[in-house]
Amino acid sequence: MNPENDIGETASCTTCRFKEDKSNYWTMVMYFKHRNGSFIRVPQVANEGTGAPHGGMTVYYIRPRSPARNLSMTVFPKGFRMRVGNPMSRANPYTMSEAPVNQTTFRCWDGTGIGPGTPGVGALDTREFPSKPCAGGIRSQIYFPQCWDGVNLDSADHESHVTHPIGTPTREGSLMYGTDCPESHPVRIPLIFLETVWDTKPFNDPSLWPVDGSQPLVWSMGDPTGFGHHGDYVFGWQGDSLERAMESANCLTAVPESCDALTLQSDEEINQCVKSTVVPEVTEGQYLENLPGCNPLQSGPEPATAVPNCAAVSTTISMPHPTAIPA
């Protein structure tokens, strides 16, 4: 997408709760691998307390907090984008003292609630796919970097222009809160945190799992480890709406209805914003012989490699397709 495009003005609708948020939030898709070797997409469901949208994810924008020395913050400019996590990873490349070690995690819900602790460092959280059935499903969790070099809207790897803060971890071990930006990336931007709930409960039957007891979940890019967990963000808020929201105490809560700076939309309006299928390929609703695209399973621990001369249906289109609201 051309960074000169103002997505907040060109997008025709949004699946976000606030009408002003036309940003793009993306994560890969989870699949279940049956004992017979076939794959089926794991459904996404609405997070607790978010209404009845068709799946999706929960997006949090979080201001810096004490004991960080600098509590000032700059909202994203038009054209800003970033990625967090490496889709090619098949092992944990970080030490426990590095902030990125908890940037992408899973919470294996035990069926008693949302689970204890700060996301990423809670007792039910792992960096790899959970090794056992999760009675309440799985919540994947992504922390985007919150420090920017202040110059580049993007970088070749979509990561180098941003980084995580540094400092003293919280008592639980998280570096995402109360820490400061390094000199290389001095501009504090909002912390974006994503939660996606995957309804893995229908696949908890042990007779469906591999005979050897290994876990059967895979990411859509051929990752059976979970370490390739990643997310993309492209800024697309309308005008100064994000800045107004971040300055309002009524908007810095987990209750969208209390936000006095933005416009709410209903579940019905959200669910009407649908992108038509672009690639003629079956990806869900039935068991598949292979994962969509050219994505064979690569277990690592060495990084995955791209498949050369891929003969799958092309996912490249020459022009952006606008999202149409169904009649």
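Residues numbered from 1 in each chain as written. Predicted model: local features only at pLDDT ≥ 70, side-chain atom pairs only at ≥ 80, totals over all residues. Heavy atoms only, no water.

Peer 1: Could you give an account of the overall build of the protein chain, with specific residues and numbers?
Peer 2: Helix and strand counts for the protein chain come out as three helices and 15 strands. Computed over C-alpha atoms, the radius of gyration of the protein chain comes to 20 Å, within 12% of the 20 Å expected from 2.2 N^0.38 for 327 residues, which places it in the range of a compact globule. Counting every position in the protein chain, which comprises 327 residues, the buried fraction comes to 44%. Of all intrachain contacts in the protein chain linking residues separated by at least 6 positions in sequence, the fraction that spans at least 24 positions is 74%. When the accessible area of the protein chain is evaluated, it comes to approximately 16400 Å², of which 53% is carbon and sulfur surface. On the protein chain, the mean spot of the 22 positive side-chain charges and the mean spot of the 35 negative ones are 3 Å from each other. (Helix = DSSP H or I, 4+ residues; strand = E, 2+ residues; numbered from the N terminus. Rg over C-alpha atoms; globule rule 2.2 N^0.38 Å. Buried < 20%, exposed > 50% of the residue type's maximum accessible area, 1.4 Å probe, protein only. Contact = heavy atoms within 4.5 Å. Areas by Shrake-Rupley, 256 points an atom, 1.4 Å probe, with all protein chains shown as cover. Lys, Arg positive; Asp, Glu negative; His and termini not counted. Charge placed at Lys NZ, Arg CZ, Asp CG, Glu CD.)

Peer 1: So what's going on with the nonpolar core? Residues and values would help.
Peer 2: Buried together is how nonpolar side chains tend to be arranged in soluble globular proteins. Of all hydrophobic cores here, the largest spans 26 residues; its most connected members are Tyr61, Phe76, Phe80, Tyr233 and Trp237. Only strand S6 (81-84), strand S13 (191-198) and helix H2 (241-247) provide two or more residues apiece to this core. With three residues, H2 is the single largest residue contributor to this core. Ranked by size, the runner-up nonpolar core spans 17 residues in total, among them Met28, Phe203, Trp219 and Met221. (Core = buried A, V, L, I, M, F, W, Y, C linked by side-chain atoms within 4.5 Å.)

Peer 1: Pulling in residues and values, what's your account of the state of the cysteines?
Peer 2: Applying the stated criterion to the full structure yields five disulfides. Sulfur-sulfur distance for the disulfide between Cys108 and Cys134 comes to 2.0 Å. Between Cys108 and Cys134, the S-S dihedral sits near -115°, and the bridge is therefore left-handed. Of this pair, Cys108 sits in strand S7 (residues 104-108) while Cys134 sits in the loop between strand S8 (125-126) and strand S9 (138-143), and the two are 26 residues apart along the sequence. The pair Cys108 / Cys134 is uniform in exposure class, with both members buried. Here Cys251 connects covalently by a disulfide to Cys259, the sulfurs 2.0 Å from one another. As the torsion about the S-S bond is roughly 75°, the Cys251-Cys259 disulfide counts as right-handed. (Disulfide = S-S within 2.5 Å.)

Peer 1: Tell me what's going on with the sheet that holds strand S15 (residues 231-234), and back it up with residues and numbers.
Peer 2: Two modes of strand pairing occur in sheets, parallel and antiparallel, and in both the strands are linked by backbone hydrogen bonds. Taken in spatial order, the three strands line up as S1-S15-S6 in an open sheet, and their pairing is antiparallel. Pairing within the sheet leaves two strands with one partner each, and these edge strands are strand S1 (24-27) and S6. In this sheet, neighbouring strand axes are inclined to one another by 10° on average, regardless of whether the strands run parallel or antiparallel. The pairing of S1 with S15 spans four bridges and is antiparallel. Looking at S15, one finds that Asn24 is bridged to Val234. (Pairing = 2+ DSSP bridges. Axes fitted to C-alpha atoms, helices over the stretch in contact; angles between N-to-C directions.)

Peer 1: Go over the pattern of salt bridges with me, naming the residues and quoting the values.
Peer 2: In the structure shown here, the tally under the stated rule is 11 salt bridges. In this structure, Arg139 and Glu195 form a salt bridge, with 3.2 Å as the shortest nitrogen-oxygen distance. In this pair, Arg139 sits in strand S9 while Glu195 sits in strand S13, placing the two residues 56 residues apart along the sequence. A salt bridge links Arg244 to Asp240; its shortest N-O distance comes to 3.0 Å. In this structure Arg244 comes out as partly exposed when scored by relative accessible area, which is 36%. (Salt bridge = Lys/Arg side-chain N within 4 Å of Asp/Glu carboxyl O.)

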